[in-house]
Amino acid sequence: RTYADEFFDHDTQQGTRDSLDGYSKRVMGKMQEQQKHGPRGRITNHATIKREALQGANWWQKKNK
């Protein structure tokens, strides 16, 4: 969620907004770039990030869109 917060804040400053899918893809790319892994290993599908970390009350619902 930290990476997603960084992307969201950057987009807000730029006056743009990405979709939940877009944020999850960007987070996955950043995690792979920095070789960070999820609890079950390397994440290769952005839907995992979307479902487990960013969707609903976890992150997206709290953001002022």
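Treat the numbers as computed from the prediction; the structure is a model and nothing was measured.

A. Structural detail: the pattern of salt bridges. On inspection of all chains with the given rule, the structure shows five salt bridges. In this structure, the salt-bridge partner of aspartate 18 is arginine 26, at a minimum N-O distance of 3.1 Å. Arginine 26 sits in the partly exposed class, given a relative accessible area of 26%. Arginine 40 is the partner of glutamate 52 in a salt bridge, and the nearest nitrogen-oxygen pair spans 2.4 Å. Here glutamate 52 is found in helix α3 (residues 46-54), whereas its partner arginine 40 is found in the loop between α2 (20-33) and α3, with twelve residues between them in sequence. For arginine 40, a relative accessible area of 65% puts it in the exposed group. Ionic contacts of the salt-bridge type, sharing partners, join the residues Asp11, Asp18 and Arg26 into one network.

B. Expanded view of the packing of helix α1 (residues 2-14) against α2. Two elements in contact, α1 and α2, have axes separated by 9 Å at closest approach and are oriented at 125°. Taken together, the axes of α1 and α2 are oblique relative to one another. Seen along the crossing, α1 lies across α2 with a hand that is right-handed. Between α1, through Tyr3, Ala4, Phe7, Phe8 and Asp11, and α2, the contact on the second element is made entirely by Tyr23, Arg26, Val27, Lys30 and Met31. For the contact of α1 with α2, a count of residues per class yields seven nonpolar, no polar and three charged.

Conventions used here
- Residues numbered from 1 in each chain as written.
- Predicted model: local features only at pLDDT ≥ 70, side-chain atom pairs only at ≥ 80, totals over all residues.
- Heavy atoms only, no water.
- Salt bridge = Lys/Arg side-chain N within 4 Å of Asp/Glu carboxyl O.
- Buried < 20%, exposed > 50% of the residue type's maximum accessible area, 1.4 Å probe, protein only.
- Helix = DSSP H or I, 4+ residues; strand = E, 2+ residues; numbered from the N terminus.
- Axes fitted to C-alpha atoms, helices over the stretch in contact; angles between N-to-C directions.
- Parallel < 35°, antiparallel > 145°, perpendicular 65-115°, else oblique.
- Left-handed = near helix turned anticlockwise from the far one by under 90°.
- Contact = heavy atoms within 4.5 Å.
- Nonpolar A, V, L, I, M, F, W, Y, C, P; charged D, E, K, R; others polar.

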